[in-house]
Each structure stands twice: as C-alpha cells, then as structure tokens.
Amino acid sequence: MVAALPCLGIGLAFGCTETQVTGQGEFGRPIPLASRSEAPLPRLAWHDGDACPGMAGGCTSYCEGPPESCPEGSCMPLLIDSGTPISILPGSGGTSVGRECIEVRAAEGLLDEVGADTLAQTTAAFRLFDAPILRAPRGPVGGWDWQVGDDLESATVGGVLGGNVLRDFAVEFRHPRTAETPSIAFYSEFPGDEEALADQGLAYVRLQYPGRLLGRLLNDECDLGSGVEDCTLATGLSASDQELLFESTRALVDACVAPPPCAVEWEPGDMGCRLAPGDGQEAACAEDRGASATLVVATGVPGLVLFSDSAESLVGAPSALPDCSDPELSPDARACTTGETGSLYLPGWAPLDGLQRIRVRALGLVRGLDQASGAAPCERLRARLEGLHQQCEGFLAEGQPVRPNVESGESIAEAGVVLGEVSWVEGQTTGAPDRWLDTLVVSATAAPVIALRREITPEGAQPDGLIGGALLEDTETVLDFTEASSSPGVRVRCLDPGDSCVALPSCSADVGSVDFEGARAGRTSCCFGLPADLITQVVLGGEGKEAPRAEDACCAALPRAYLNDLQSAELNLCAGVE
C-alpha cells in the first residue's frame, strides 16, 4: 500500500453505482463543527468502534490523531472534504474496501481543551448507511500521516468523509464570524423552490459541463508521468470493488480570478446609481475584468489554491508579483506576494512543502453554462453587475425591489458570487491586501495536480486550482447534489453582505406593476447587492407604519451592522429578519 493511497487521495477516477448512501437523523438540523470561522477546516467527530447504533451518550475520550496514536475506542476528528473523492477511515490492519454505516457526532469545543462537559456534547447526530469506505492502515501511508490543512491551520484527523458520500446529499456549511458555532447540516433534498431560495439571498452557482459531477472508472495502474512514483494499486481492487468505492464526485465551477473592485454605489442626494470601485469613488470600474478559470470545490482545503501554470496566466508569475506590504501597491494589481512559503496537506498525499504564498484580490463565481462554449466567466460576472445597476435604478425610482428589462451586456437572471475585496471602502484608492484571499501556489508538476487533471480532462475543463475555505468563510454554503442529475450546484449566501462578500441571486418578478419603464415589480431576490445606504433610506421611510411594511422588503440584503441599527428598540424596523 506504500504508493496506493496517494493515488486514492485525489488521483482516481470513478464509475457509477446503483446503491446510494442513505441518511438517518434529523435532516436539516445544524450539527456543531470543530472549525474556525476565520480559517474553515470542517470536522465532525466519530467513534472508532461499533456504529449504527454506536456508543450511547457523548464520547468517553477524544484523540486528535493520528489514528495509530489513539487508544482503542476513542472518538477522533472526521474531516468533511468534497475534494477528496474517497472516504477514508483507519482500519485494523491492511487495506480493505466495503460499505459501512458511519455515525457522526457533534464536535463543538473540540478545538479547545477537552473536558467532561465538552465530551458530554459529542452525541451521535447523524448516520450514513451504505457508505463506501476505504479502510487504510492507522499509521503513515504513502507519505500521508493523516495531516490536513496548511502550515497556518493544520490538524491531524482520524478519517475523511469524502465526495463519494457527500454526493448523495445536500450539505450545508455555516461559518459565521459571530459567536455562533460553525455547523453542518445534511438534507436528502434541499428545501424550497428556486425563487424562495433566491429571496433568502442564496445565489445558485450550477456546476460546469453542463452542471454535473465528473469522474471516470479507476485504472489498476495510474502512471502519473515522468518523475512521479508508480501508482500501482497494491491491493489489486476488482471491478466490483471499484464500482463499490468510486463515484463521480468532482464539483467544478466557473470562476473569475481577481475581478477588480466593482459595486453599485449610491450616496444621499444622488439622482441615480452607478458602478464604481467603491464608496465615494467617481471613477468607473476598471476595464480589466479579471481572468476566467475553472476551480474544484474542496471544502477540506484552506483558502484558495492555484496551480502554478494557471497562476501565471491568471494573476502573473508569482516571482514577479508586487510585495503585499508595498505602500504604493498599484490599484491594478491582481495579486501580491507575502514573501513567505507554505505547506499544503491533502488527504491521501504526501505533504506539499515550499509553496509560494500569495494574496489574490478577489474571486467571482458564476453559473456554469448549458454548453461548452459561451461568454467567459469574467464577462458574465460584469454583465451581472451591469444588471444589478439597473435593479438599483429601479429601486431608487420605486422604493421597492424591481425586476427591470435588460439590454445587451446586462444580466439579472443569472446568479453570481464575489469574495475578497468586493469594493473599496471610503477613502481607499488602492488595494488592501489584508482583505484579499490567502492563496497557495502548487506546482503543476506535483503528483496531486497531474492526477486531478488526468482524471477530469478531456471530459471537463482542465482545473486551474481548488477553492475551499475562501468559499466557506462567513457564508452559508450548500453543496446541493440533490438537484436534478443535470444540474447539481453550489448555493452561497453571505452572512454579512458588503465589501468582502456579495451574493447575487437571480432577480425574479413579483406580482404587481411599477412605473419604472419596462420593468415589473421584483421579489426580495432583486435586493441583494443594492447599496446599503439606499436600502436603509427606504426602510426608514416606513417608520411609524404598522408591520408588515412594504419598505422592509429588502431588509434581508443589509449588512449585519445596518440591520442591528434598524432593529434597535428605538426604531423597531426590519422585524423578524435574521
């Protein structure tokens, strides 16, 4: 098994099986995670022993791992990683494959000193029946010692719940920056129709080509190319074992890397809205719209990862990037270097060390196309912002959400998400790297990168990197694999929309009419991304009226600080909005 698990960790492709993983428990109930909101690395707990039913009550002991260091019967951390195609648990000896039931447990408080009160809370929360599992040796395997994360936020784990289990559910991650504990919830089908979900601020980003999970059947030998060790599967899996273990699990999204700061702005007294880099900026948004890319969604990877050949074309050669500490950083800089190196620990692979650490100013995600050709992601993102500008003009004129007609180069029906430096704050004239996305650059010749690309292409677009923690931080993110087989996707809602996160759902029409030329009344989905000052002015216009107030229609789209002010005892507006 010396070289097998690196092949398994990220390099294998998949076939299809008829048996699905089924869940037992309270669907939709948040399960507390062991994960930090500022550096998401989502982990549950599991008990290394009998399952379904497992041990009653909370864990009697907890071991952070690696498994070989843990006493028999300990509870251990379980990484939730959509980027790892195979679910891996430690076995009692060699390597085996089979379908099992996994019982996952709440993990709140397990990142701190673990005492009796914390252990009492680690009760069984959900069961996963018929989960295809690879049992691996408890010690280091092929250079992997059960470590995950990166040099800034690393951990050892006692297992990985991978894509071949997650693919049968809709899985919701919440990582708020407030005191609320990060959580995960499982759904057999995510509740609500598209319009209702959009009204909650969830932007639906369908997967690529044409919205499906990718993968192919495993080969017994996977020679990764010159200079990379042979990847012969020492256990010699049979065809039935392959079908048991491997599924199409790769979630690829259309991305715009380093779009410039660009948001719809409005100031009191203005007669109209405008697209600008930020608050108080008179200049238009930059013509440089960023670089289009394909990213794999990997919830167990910190921040953002770019592959070196792609990084050069997307943001520039890492060695030539400006220093992030440069006080005269160009406002046109797409990325900067921290001058530091880092490490990345991917499940099933030896550590990747000496990686250049950079910061990328922002990242946009847009819905995958119905066909292989069409407008590039960065062009579609700008079109969505142009459509948002028209939504703002209608809202300013009507004092309520509006679904306007759009012209060429504008879009309101598509969804989009922007993370990082969405827009500049008042007085800002150049980029602020402390708000940019922390990124590791991995060599294109690294074994995990070669394997991942060989697995996906030519069936899908060649991946340019991985997106993980950058997507989860201060968002509600749903990996919705329960949609029709032709359209699984990712749903994203910013928990504090504003300068660092904006989710733009599809803007839908409501009943009723408006005077704004060529427009119809809009639903709450048409509010997200509008200027907070403008929404607040309209909400204040309803002061003194009895609830429900039409002026409160866009309260859900406000940043947390604005909402808190309006919900104060003195105003008592936006009642019931969380």
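The rules behind these values
Residues numbered from 1 in each chain as written. Predicted model: local features only at pLDDT ≥ 70, side-chain atom pairs only at ≥ 80, totals over all residues. Heavy atoms only, no water. pLDDT = per-residue confidence, 0-100. Contact = heavy atoms within 4.5 Å. 1 Å grid on protein atoms, 1.4 Å probe; cavity = no way out; pocket = protein on both sides within 12 Å on 5 of 7 lines; lining within 4 Å. Points joined across faces, edges and corners; volume = space filled by probe spheres on them. Helix = DSSP H or I, 4+ residues; strand = E, 2+ residues; numbered from the N terminus. Nonpolar A, V, L, I, M, F, W, Y, C, P; charged D, E, K, R; others polar. Phe/Tyr/Trp six-rings, centres within 6.5 Å; stacked < 30°, edge-to-face > 60°. Buried < 20%, exposed > 50% of the residue type's maximum accessible area, 1.4 Å probe, protein only. Polar contact = N/O pair within 3.5 Å; in protein donor to acceptor, adjacent residues only side chain to side chain. Pairing = 2+ DSSP bridges. Expected span 1.5 Å × (residues − 1). Axes fitted to C-alpha atoms, helices over the stretch in contact; angles between N-to-C directions. Parallel < 35°, antiparallel > 145°, perpendicular 65-115°, else oblique. Left-handed = near helix turned anticlockwise from the far one by under 90°. Core = buried A, V, L, I, M, F, W, Y, C linked by side-chain atoms within 4.5 Å. Salt bridge = Lys/Arg side-chain N within 4 Å of Asp/Glu carboxyl O.

Caption draft 1: Molecular detail of the confidence of the model for the protein. On average, residues of the protein score 88 in pLDDT, and 90% of them reach the 70 mark or higher. Low pLDDT, under 50, characterises residues 1-17; the stretch is placed with 85 contacts to residues that sit more than four places away or in other chains. Here residues 217-237 is a poorly scored stretch, pLDDT under 50, and it has 43 contacts once near neighbours within four places are set aside; other chains count.

Caption draft 2: Molecular detail of the layout of surface pockets. In this structure, the second largest pocket spans a volume of roughly 670 Å³. Sorting the residues of the lining of the second largest pocket by element identifies strand E4 (39-47), strand E21 (352-360), strand E24 (416-420), strand E25 (437-442), helix H9 (469-472) and helix H11 (560-566) as the ones contributing at least two each. Of the residues forming the lining of the second largest pocket, the biggest block, four residues, is contributed by E25. Tallied by class, residues from the lining of the second largest pocket come to 15 nonpolar, six polar and 13 charged.

Caption draft 3: Quick look at the packing of aromatic side chains. Overall, the coordinates contain six aromatic pairs when judged by the stated rule. On the numbers, 5.2 Å between centres and 85° between planes, the contact of Phe27 with Phe126 is edge-to-face. Of the two residues, Phe27 is situated in the loop between strand E1 (22-25) and strand E2 (31-32) and Phe126 in strand E8 (residues 124-136); the sequence distance between them amounts to 99 residues. Given a relative accessible area of 2%, Phe126 falls into the buried group.

Caption draft 4: How the structure looks around the side chain of Asp474. Tracing the sequence through the fold places Asp474 in the loop between H9 and strand E27 (475-480). Judged by its relative accessible area of 4%, Asp474 falls in the buried class. Reaching out from Asp474, the side chain makes a polar contact with the backbone nitrogen of Arg177 at a distance of 2.9 Å. Those residues within four positions of Asp474 in sequence are excluded, and the remaining contacts are His175, Pro176, Arg177, Cys494, Leu495, Asp496 and Arg560.

Caption draft 5: View of the sheet that holds strand E23 (residues 402-403). The three strands are arranged E23-E31-E30 in an open sheet whose pairing can be described as antiparallel. Unpaired on one side and paired on the other, E23 and strand E30 (509-513) mark the two borders of the sheet. By the bridge criterion, two bridges tie E23 to strand E31 (residues 520-522) in an arrangement that is antiparallel. Bridge assignment links Arg403 to a residue of E31, and that residue is Arg520.

Caption draft 6: Seen up close, helix H7 (residues 377-398). End to end, H7 covers 31 Å across 22 residues, agreeing with the expected 32 Å (1.5 Å per residue, within 8%). A large share of H7 lies buried, amounting to 17 of its 22 residues. One or two positions beyond H7, positive phi appears at Gly399, with a value near 70°.

Caption draft 7: Region of the structure containing the environment of Leu295. Summarising the element assignment, Leu295 is placed in strand E18 (residues 291-297). Residue class for Leu295 comes out buried when judged on its relative accessible area of 0%. Put simply, Leu295 and Val205 are 90 residues apart on the chain and 12 Å apart in space, counted from C-alpha to C-alpha. Residue contacts for Leu295: discarding those within four places in its chain leaves Ala251, Leu252, Val253, Ala255, Leu304, Leu306, Leu363, Asp464, Gly465, Leu466 and Ile467.

Caption draft 8: Highlighting the packing of H7 against helix H10 (residues 532-540). Contact pair H7 / H10: the axes reach a minimum separation of 11 Å and the direction vectors enclose 25°. On the basis of the axis angle, H7 is roughly parallel to H10. In this structure, H7 meets H10 at a crossing whose hand is left-handed. Counting all contacts with H7, which are made through Cys392, Phe395 and Leu396, the residues of H10 involved are Leu534, Ile535 and Val538. Broken down by class, the residue content of the contact of H7 with H10 amounts to six nonpolar, no polar and no charged.

Caption draft 9: Structural view of the nonpolar core. Counting residues in hydrophobic clusters, the biggest one holds 66 residues, and the most contacted among them are Leu161, Ile184, Phe186, Val360, Leu363, Leu365 and Ile467. If near-sequence neighbours (up to four positions away) are discounted, Leu161 is found in contact with Leu78, Leu79, Ile80, Asp81, Ser87, Ile102, Leu128, Leu166 and Phe186.

Caption draft 10: Just the sheet that holds strand E14 (residues 203-206), in detail. Strand order in the open sheet formed by six strands is E2-E13-E12-E27-E28-E14, and the pairing between neighbours is antiparallel. Two strands close off the open sheet at either side, each with one partner strand: E2 and E14.

Caption draft 11: Representation of the pattern of salt bridges within the structure. With the rule as written, the count across this model stands at 32 salt bridges. Here Arg138 and Asp48 are joined by a salt bridge, their closest N and O atoms 2.9 Å apart. Here Arg138 is found in the loop between E8 and strand E9 (147-150), whereas its partner Asp48 is found in the loop between E4 and strand E5 (75-80), with 90 residues between them in sequence. Take Arg138: its relative accessible area is 22%, and that puts it in the partly exposed class. A single network of salt bridges, built from pairs that share partners, joins Arg177, Glu473, Asp474, Asp496 and Arg560.

Caption draft 12: Region of interest: empty space enclosed by the protein. Tallying each qualifying case throughout the model produces three cavities of 30 Å³ or more. In this structure, the largest cavity occupies an estimated 80 Å³ of space. Around the largest cavity, the lining residues are Pro259, Pro260, Cys262, Arg289, Cys378, Leu381, Arg382, Leu385, Val418 and Val422. Examining the composition of the lining of the largest cavity, we find that four residues originate from one element, H7, more than from any other.

Caption draft 13: Looking closely at the environment of Val492. You can see Val492 is positioned in strand E28 (residues 489-494). For the pair formed by Val492 and Thr477, sequence separation is 15 residues and the distance between their alpha carbons is 4.6 Å. Excluding its chain neighbours within four sequence positions, the residues that come into contact with Val492 are Gly201, Leu202, Ala203, Val417, Leu471, Thr475, Glu476, Thr477 and Ala503.

Caption draft 14: The arrangement of the pairing of strand E19 (residues 304-307) in detail. By the alternation rule, side chains of E19 split into Leu304 and Leu306 and Val305 and Phe307, which are all buried. Note: E19 against E25, four bridges, orientation parallel. Bridging across to E25, Val305 finds its partner in Leu440. Two strands pair when backbone bridges link them, and E19 and strand E26 (residues 465-467) are joined in this way by three bridges, in the antiparallel orientation. The residue bridging Val305 from the neighbouring strand is Leu466, located in E26.

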